[in-house]
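Spelled out from the first residue to the last, the chains are:
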Amino acid sequence: MNATASGKDIWSRRLLIGLYRAARCLSLLSCRLDVERNHIELKAPRQQCNRLLTIIWRSILVNIYWTIIPDVFLRARKTESYADVFAMLQSASVILFAVGSFIVQVCAESRFIVILNRYIALYGRICALTQSPELFPLKFSVFYALKLLLTIGGCLYELPQLLPMRHILHGDVGHILTGIIGIYMWMGTLFMLDACFLGFLVSGVFYEQMGAHIGAMLLGMRSIDLMDDETSQTKSLPQRYSHYRRMCLLCDRADELEACGSIYSELYQVTLSFRSIFQFQIFFYIYYNFIVLLLMLYEYIWNYLDDGHEATDLVPFIMVAIKLGNIVLLIMCADYTIKKSQLPQMMPLDIVCTDIDQRWDNSVDMFLSQLQTQQLEIKVMGILQLNNEFIPTILSAIITYLFILIQFGFTGGFDVVEEIAKRNLSARN
């Protein structure tokens, strides 16, 4: 990664530097950013005492986090029906995942730093190969800004519950302090969930840039194939190369293709390593948004039935749209990465310049064989296959939950069950 930024991609660079600083502020990273040389690298703290203080600080935060986070999700205070019990179990599972996510991140920070450094090194290699000062297009910033808007939309609903206004108005210092710490920790959790989306987006951009480079390389090689044609005498090709010069150009392109194969192999390994290291957070990302979506639907239906079929607040519906948007955006980003990794397989690599020299043919055979053995699949916890086909499954599960929830809502709760049991007992006597 070059130390100087081009004007075209200045926003992408500022975004990534801002994300690093936010991770430091949220105690998610304790490493420092080394920019003294021509490349950027993340390095661990120089002093061990800083590492020890960081661990102690995070342990204190986790203990406080455990007591604060239930206020966000634990909706059902009374167990009047089976739906209430189910909602409480859902809330408890999200609480456990939220605390577990932070603990996993703290324990695996060294592995996170290694994978981030591999991404940075890969960025530099792709820049050097494509001779481009920057790789991140404008759509990188646009897509992450869209994801950030969805995250902020969720925070506008969740954060006020960690620090209710009544505590501020009453000047309750204890609750205000714990609320601020809870907000701090929850923002760190959301940051890690957004990092899952960011990792797939970066991999997809790298794959897309490599595919575009190979496509441009093939387009430039058309001139080598057309040297013997009549078009070489026209103005479209003002310079005619000798057979030796053409073979040299072809060998250079073969070497370049081998370099592309090396980068593709590294990018494939980095993407799989990212999925392996972050798979708990990725699973929590999907689970958290899905469960909160269901809890919002539960709250809306419960309020609708409790108010006697009157109009209720539309905030749960807005939250449902935000959480569903989070899930769809992550799945589409993972699918985008998979499809961009397959771009070279759709290009006519095996029919270019086959009559000049065998060097290109051998490089193409090796490259295509490598792509066949490195078919990218993003499967989380061995059960979730992240591609666009997973979106209808999510929608189907939501619709099924709605029908079951409505049936639970009309049962009347545990009182009806007890009354039926008493009737059955009296009938037997």
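Residues numbered from 1 in each chain as written. Predicted model: local features only at pLDDT ≥ 70, side-chain atom pairs only at ≥ 80, totals over all residues. Heavy atoms only, no water.

Description of the nonpolar core
Put simply, the rule reads: Here, nonpolar core refers to any group of buried Ala, Val, Leu, Ile, Met, Phe, Trp, Tyr and Cys residues whose side-chain atoms link them within 4.5 Å. The buried label goes to any residue with under 20% of its type's maximum accessible area, the exposed label to any with over 50%, and the partly exposed label to all in between, with areas taken from a 1.4 Å probe on protein chains only. Numbering of helices and strands starts at the N terminus; helices are DSSP runs of H or I of at least 4 residues and strands are runs of E of at least 2.
Phe200, Phe206, Ile214, Phe278, Trp360 and Leu386 are the most contacted members of the largest nonpolar core, which has 117 residues in total. For this core, the leading source of residues is helix H8 (residues 173-225), giving 23 residues.

Quick word on helix H5 (residues 109-130)
To keep it simple, the criterion reads: For a helix, the expected span equals 1.5 Å multiplied by the residue count minus one.
For H5, spanning 22 residues, the distance from its first C-alpha to its last is 32 Å, which sits close to the expected 32 Å at 1.5 Å a residue. Along H5, the residues that are buried comprise Glu109, Phe112, Ile113, Ile115, Asn117, Tyr119, Ile120, Leu122, Tyr123, Ile126, Cys127 and Leu129. Where H5 terminates, the next one or two residues include Gln131, which has phi positive at roughly 55°.

Considerations on the packing of aromatic side chains
The criterion, for reference: Side-chain rings of Phe, Tyr and Trp, where Trp is taken by its six-membered ring, are said to pair if the distance between their centres is within 6.5 Å; with planes under 30 degrees apart they count as stacked, over 60 as edge-to-face, and otherwise as tilted.
Enumeration over the complete set of coordinates arrives at 19 aromatic pairs. Ring centres of Trp186 and Tyr288 lie 5.5 Å apart, and the angle between their planes is 75°; on these two criteria the pair is classed as edge-to-face. Taken together, the residues Trp186 in helix H8 and Tyr288 in helix H10 (residues 279-306) connect sequence positions 102 residues apart. Exposure remark for Trp186: the relative accessible area of 0% places this residue in the buried category. Seen in terms of ring centroids, Phe284 and Tyr288 are 5.8 Å apart; in terms of plane orientation they differ by 45°. Their pairing is tilted. Placement of the pair is Phe284 and Tyr288 together in helix H10, with a separation of four residues, close to one helical turn. By way of ring pairs, the aromatic residues Phe112, Tyr119, Tyr123, Phe136, Phe140, Phe200, Phe206, Phe274 and Phe278 are connected into one cluster.

As for the pattern of salt bridges
Any two side chains of opposite charge can pair, on the condition that their charged atoms come close. To keep it simple, the criterion reads: Only one rule defines a salt bridge in this text: a Lys or Arg side-chain nitrogen within 4 Å of an Asp or Glu carboxyl oxygen.
As enumerated under the stated definition, the model contains seven salt bridges in all. With a shortest N-O distance of 3.7 Å, Arg253 and Glu256 are connected by a salt bridge. A residue pair is termed a helical-turn pair when its members lie 3 or 4 positions apart in one helix, as Arg253 and Glu256 do in helix H9 (residues 243-277) at three residues. By sharing partners, the salt bridges in this structure join Lys139, Glu208 and Lys340 into a single network.

Some thoughts on the packing of helix H6 (residues 138-162) against helix H11 (residues 315-341)
Cut-off, in case you're wondering: Here, axes are lines fitted to C-alpha atoms. For helices the fit covers the stretch in contact, and angles between N-to-C directions go from 0 to 180 degrees. For classification, angles of less than 35 degrees are called roughly parallel, those exceeding 145 degrees roughly antiparallel, those between 65 and 115 degrees roughly perpendicular, and all remaining angles oblique. Each helix crossing is assigned a hand: it is left-handed if the near helix lies turned anticlockwise from the far helix by less than a right angle, otherwise right-handed if that turn is clockwise. Residue contacts are counted whenever heavy atoms from the two residues lie within 4.5 Å of one another. Polar here means any residue other than Ala, Val, Leu, Ile, Met, Phe, Trp, Tyr, Cys and Pro, which are nonpolar, and Asp, Glu, Lys and Arg, which are charged; Gly is therefore polar.
The interhelical angle for the contact between H6 and H11, taken along N-to-C directions, is 150°, at an axis separation of 10 Å. Taken together, the axes of H6 and H11 lie roughly antiparallel to each other. Remark: the crossing between H6 and H11 carries left-handed chirality. Residue-level contacts link Lys139, Leu146, Lys147, Leu150, Gly153, Gly154, Tyr157 and Glu158 of H6 to Val315, Met319, Ile322, Lys323, Gly325, Asn326, Leu329 and Tyr336 of H11. Residue composition of the contact of H6 with H11, by class: eight nonpolar, four polar and four charged.

Describing H6
We count it as follows: Working definition for bend: take the seven residues up to and ending at a residue and the seven starting at it, fit an axis to each, and measure the angle between the axes.
Here H6 spans 35 Å end to end across 25 residues, near enough to the 36 Å set by a 1.5 Å rise per residue. At Leu156, H6 shows its maximal kink, close to 35°; a proline, Pro160, follows between one and four residues later.

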